[in-house]
Amino acid sequence: MAQTDLYELLKAQRVWSPEVTRLPPFDPQTAPPTPLSLFTSWFAQAVDAGQPEPHTMSLATVDEEGRPDVRIVMLHGADPDGWSFATHATSRKGRALSAHPYAALAFYWPVLGRQVRVRGPVLSAPSQESQADLHARSTAALAAALTGRQSEELPSVEELHRASEAAWERARDNPAEPSPTWTLYRLRPDTVEFFQGDPHRRHIRLEYRSTGFGWSRGLLWP
């Protein structure tokens, strides 16, 4: 594809097409005092609106050399202890979090024109809790974790298939088999921003800020 073709394709794309997107009004004055309450409400509304995979999110980290990285991961939970996700401690993101235990999350729910951004320090859960999180998930999730070697160089697709088939067999035979490097992480937010799109581009951005004594709130220019 020529660069001009890509440019024309980009120009033809629409943002928040009314055929697929409904932009609900959002009055920040009615927002609850804590970001978790608003996140829970917005997440439920995204599910009700038919947003595909609303539990997926971008996770941004900084590696050992200070270089940023980002990838899509799955939200495992959100509670007063933080927003949680999991990965192998030996993976790229696991090593990055070990070197710089601070990260950012971003959710995008285009069916409602909404984003949620979460930033803060990241803590790893104890091994017992991490394994419990893994074993509460599907056989496929356990098999993927048991395949291991995440982010290492892969010689061939055939080798991946062999390792995966062996891991699936282990997961079926022993649903409680541990994956020692599997780690549950919790991001405890310093800030949580809620973005509501507006058809006239008068987007609402409400930011919650942790004060150590609770939460303060303020609006941001779009």
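Description of the structure in this document. Just so it is clear, the structure is predicted and the values come from calculations on it, not from any experiment. (Residues numbered from 1 in each chain as written. Predicted model: local features only at pLDDT ≥ 70, side-chain atom pairs only at ≥ 80, totals over all residues. Heavy atoms only, no water.)

1. Describing the pattern of salt bridges
When their charged atoms lie close together, side chains carrying opposite charge are able to pair.
Turning to step 1, where the next piece is worked out: For the structure shown, the criterion picks out 11 salt bridges.
Turning to step 2, where the next piece is worked out: R95 is the partner of E64 in a salt bridge, and the nearest nitrogen-oxygen pair spans 3.6 Å. In this pair, E64 is assigned in the loop between strand 1 (56-62) and strand 2 (68-74) and R95 in helix 3 (residues 92-99), connecting sequence segments 31 residues apart.
Turning to step 3, where the next piece is worked out: For E64, a relative accessible area of 47% puts it in the partly exposed group.
Turning to step 4, where the next piece is worked out: The salt bridge partner of R209 is E207, with a shortest N-O separation of 2.8 Å.
Turning to step 5, where the next piece is worked out: Looking at E207, the relative accessible area reads 12%, which means it is buried. (Salt bridge = Lys/Arg side-chain N within 4 Å of Asp/Glu carboxyl O. Helix = DSSP H or I, 4+ residues; strand = E, 2+ residues; numbered from the N terminus. Buried < 20%, exposed > 50% of the residue type's maximum accessible area, 1.4 Å probe, protein only.)

2. Considerations on helix 6 (residues 157-173)
Since the α-helix packs 3.6 residues into each turn, any two residues three or four apart lie on the same face.
Turning to step 1, where the next piece is worked out: Under the 1.5 Å per step criterion, the end-to-end length of helix 6 is 24 Å for 17 residues, consistent within 8% with the ideal 24 Å.
Turning to step 2, where the next piece is worked out: Regarding helix 6, the residues found buried are A163, A167 and A171. Each buried residue of helix 6 lies within a common arc of 75 degrees when the element is viewed along its axis, so the set occupies one face. Structural note: helix 6 exposes R162, E165, R172 and D173 on the side pointing more than 90 degrees away from its buried face.
Turning to step 3, where the next piece is worked out: Against helix 5 (139-147) lie the buried residues of helix 6. (Expected span 1.5 Å × (residues − 1). Arc of directions from axis to C-beta. Contact = heavy atoms within 4.5 Å.)

3. Looking at the nonpolar core
Turning to step 1, where the next piece is worked out: Counting 27 residues, the largest nonpolar core has W83, F85 and V116 as the members making the most contacts within it.
Turning to step 2, where the next piece is worked out: For this core, the secondary structure elements donating two or more residues are helix 2 (35-48), strand 1, strand 4 (82-88), strand 5 (102-109), strand 6 (114-124), strand 7 (182-187), strand 8 (191-196) and strand 9 (204-210).
Turning to step 3, where the next piece is worked out: Looking at which element gives the most residues to this core, the answer is helix 2, with five residues.
Turning to step 4, where the next piece is worked out: Leave out the neighbours within four places in its chain, and F85 touches M57, L59, V73, M74, H76, L97, L105, V122, T183, L184 and Y185.
Turning to step 5, where the next piece is worked out: Of all hydrophobic cores here, the second largest spans 11 residues; its members include A125, L142, A171 and W182. (Core = buried A, V, L, I, M, F, W, Y, C linked by side-chain atoms within 4.5 Å.)

4. With respect to the packing of helix 5 against helix 6
Turning to step 1, where the next piece is worked out: Interhelical geometry of helix 5 versus helix 6 gives an angle of 125 degrees and a closest axis separation of 8 Å. For the element pair helix 5 / helix 6, the angle class is oblique. For the pair helix 5 and helix 6, the sense of crossing is right-handed. Along its contact with helix 5, which presents T139, A140, L142, A143, L146 and T147, the element helix 6 presents L160, A163, S164, A167, W168, R170, A171 and R172. (Axes fitted to C-alpha atoms, helices over the stretch in contact; angles between N-to-C directions. Parallel < 35°, antiparallel > 145°, perpendicular 65-115°, else oblique. Left-handed = near helix turned anticlockwise from the far one by under 90°.)

5. Comments concerning the packing of aromatic side chains
Turning to step 1, where the next piece is worked out: Scanning the model with the defined rule gives 11 aromatic pairs in all.
Turning to step 2, where the next piece is worked out: Arranged with centres 5.3 Å apart and planes meeting at 85 degrees, the rings of W42 and F194 form a pair that is edge-to-face. With W42 in helix 2 and F194 in strand 8, this pair connects stretches of sequence that are 152 residues apart.
Turning to step 3, where the next piece is worked out: Note on F194: relative accessible area 0%, which makes it buried. (Phe/Tyr/Trp six-rings, centres within 6.5 Å; stacked < 30°, edge-to-face > 60°.)

6. Comments concerning the pairing of strand 5
Turning to step 1, where the next piece is worked out: Here strand 5 shows a buried face lined by A103, L105, F107 and W109 and an unburied face lined by Y102, A104, A106 and Y108.
Turning to step 2, where the next piece is worked out: Judged from the three bridges that link them, strand 1 and strand 5 form a sheet pairing that is antiparallel. Residue pairing in the sheet places L59 in a bridge with L105 of strand 5.
Turning to step 3, where the next piece is worked out: Judged from the eight bridges that link them, strand 5 and strand 6 form a sheet pairing that is antiparallel. Following the sheet pairing, A103 is matched in strand 6 by G120.
Turning to step 4, where the next piece is worked out: Remark: four residues form the turn of the hairpin made by strand 5 and strand 6, two consecutive strands paired antiparallel; G113 in that turn has positive phi of roughly 65 degrees. (Pairing = 2+ DSSP bridges.)

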